[in-house]
Amino acid sequence: MPYPDIIPFDEGLLEVGDGQRIYWMQSGNPEGTPVLILHGGPGSGSSAGTGRYFDPQYYRIIQFDQRGCGGSLPHASEPLIDLSANTTWHTIADIERLRLRLGIERWIIFGNSWGCTLALAYTETHPQRVESLLLVGVTMTRQSEIDWLYQGLGRFFPVEWARFRAAVPKTDRDGDLVAAYYRLLRNPDPAIHLKAARDWHEWEAASILVDSRAALSPRWSDPRYLTARARIITHYFHHLAWLEEQQILRDTHRLAGIPCTMIHGRMDLEAPLVTAWELSQAWPEAELVVVANAAHSPAVSEMATAITRATDGLRRHARQ
């Protein structure tokens, strides 16, 4: 099970260019093995609970809020926010700036959901900076995965799917729903973009709550949070995360020699298991751990136990 709550020993805002400042924090052992946690969404922001998967006596736990969300500035909920300098490649550059700011040579990378895509893209770009990877709820943000989330998945939730479609203009309902919401969320009228943010999250909640033990973050009651998160997600998905469809799989040769553990719920509807399986087939160093009675939420007991077991295993392996 996860470790107790911990208090950060260091935090700050890092200037990363383009008028952006990213919020970062460190907890655990200042002299410990550094691990970087990459949050999901994109746009969800860091969660203090994620750091509890790591032994604070052993790990130096580093978290940051990606551009536009959490404590980073400017916040994507702000009127007329410009997201043009918020891309996968900007974020990869931010990670390197943070690594240099903290004086770290190599670190373990932990990614959950969208954080897996970011972790893989970062590691394929800077493999010499990564000690190992731990990925939970594996994604590669391909067009096929986005199509599943906003088309194929509708067959499992017909009522919620009909409501999700009905919330966009009639002319958009049989087309690209991500693009339709992307446009609604960019509308400066709060009545329009806030409704779109709530409708977007209502659809996402359907697949999250398929596991009766999962729960929505309390942050989902905050209109500012919903607006920023939905704007960033649709911005990334509308642009296919600025990745070619098979880019991560194509470039797995750059991951050679880097250990990886992937933990995935067999009942995960948001990120079907086939994505993790395809990656494991292309990357011999990667171990795929399938959790039988779990979906996408890492917080349910079976997933949390598997994650903590993996982080403890990394610790024991390093001590040998």
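Whatever comes next refers back to the structure up there.
The following paragraphs examine the structure supplied in this document.

Rules behind the numbers
- In every chain, residue numbers begin from 1 and rise along the written sequence.
- It should be noted that, the model being predicted, local features are given only for residues of pLDDT at least 70 and side-chain atom pairs only at 80 or more, the latter also being counted only at that level, while totals for whole chains, interfaces and linings use all residues.
- Note that water and hydrogens are dropped before the side-chain values are worked out from all heavy atoms of the structure.
- Each pair of strands is called paired provided DSSP finds at least two bridges between the two strands.
- In this description a helix means any DSSP run of H or I spanning at least four residues, a strand means any run of E spanning at least two, and both kinds are numbered starting from the N terminus.
- To get an axis, a line is fitted to the C-alpha atoms, and for a helix only the part in contact is used. The angle between two axes follows their N-to-C directions and goes from 0 to 180 degrees.
- Oblique is the label for any angle not covered by the other classes, which are roughly parallel (under 35 degrees), roughly antiparallel (over 145) and roughly perpendicular (65 to 115).
- In what follows, a contact means two residues having at least one pair of non-hydrogen atoms within 4.5 Å.
- Polar here means any residue outside two lists: the nonpolar Ala, Val, Leu, Ile, Met, Phe, Trp, Tyr, Cys and Pro, and the charged Asp, Glu, Lys and Arg; Gly therefore counts as polar.
- Only protein chains enter the accessibility calculation, which uses a 1.4 Å probe; a residue whose area is less than 20% of its type maximum is buried, one above 50% is exposed, and one in between is partly exposed.
- Charged-residue counts in this description rest on Lys and Arg as positive and Asp and Glu as negative, His and the chain ends being excluded.
- Any Lys or Arg side-chain nitrogen located within 4 Å of an Asp or Glu carboxyl oxygen qualifies as a salt bridge.

## Thoughts on the sheet that holds strand β1 (residues 10-17)
Moving on, step 1. On the basis of which strands lie adjacent, the open sheet formed by eight strands has the order β1-β2-β4-β3-β5-β6-β7-β8 and mixed pairing. Two strands bound the open sheet, and with one partner strand each, they are β1 and β8 (286-291). Pairs of neighbouring strands in the sheet enclose a mean axial angle of 20°, with direction left out of account.
Moving on, step 2. As defined by bridge partners, strand β3 (residues 33-38) adjoins strand β4 (residues 59-64) across five bridges and the pair is classed as parallel. When the sheet's bridge partners are listed, Leu36 is paired in β4 with Ile62.

## Examining the packing of helix α6 (residues 190-208) against helix α7 (residues 223-238)
Moving on, step 1. Close contact between α6 and α7 brings their axes to 9 Å; oriented N to C, the two are set at 75°. Put simply, α6 runs roughly perpendicular to α7. Across the interface between the two elements, His193, Leu194, Ala197, Arg198, Trp200, His201 and Glu204 from α6 touch Pro223, Leu226, Thr227, Arg229, Ala230, Arg231, Ile233 and Thr234 from α7.
Moving on, step 2. Classifying every residue of the contact of α6 with α7 gives seven nonpolar, four polar and four charged.

## Regarding the pairing of β3
Moving on, step 1. Most of β3 is tucked away, with five of its six residues classed as buried.
Moving on, step 2. Where β3 lies against strand β5 (residues 107-112), four bridges are found, and the strand directions are parallel. Paired with Leu36 across the bridge in β5 is Ile109.

## Some details on the side chain of Glu270
Moving on, step 1. Note that Glu270 resides in the loop between β7 (260-265) and α9 (273-282).
Moving on, step 2. Although Glu270 is buried, it makes no salt bridge; Arg229 carries the closest opposite charge, 6.3 Å away.

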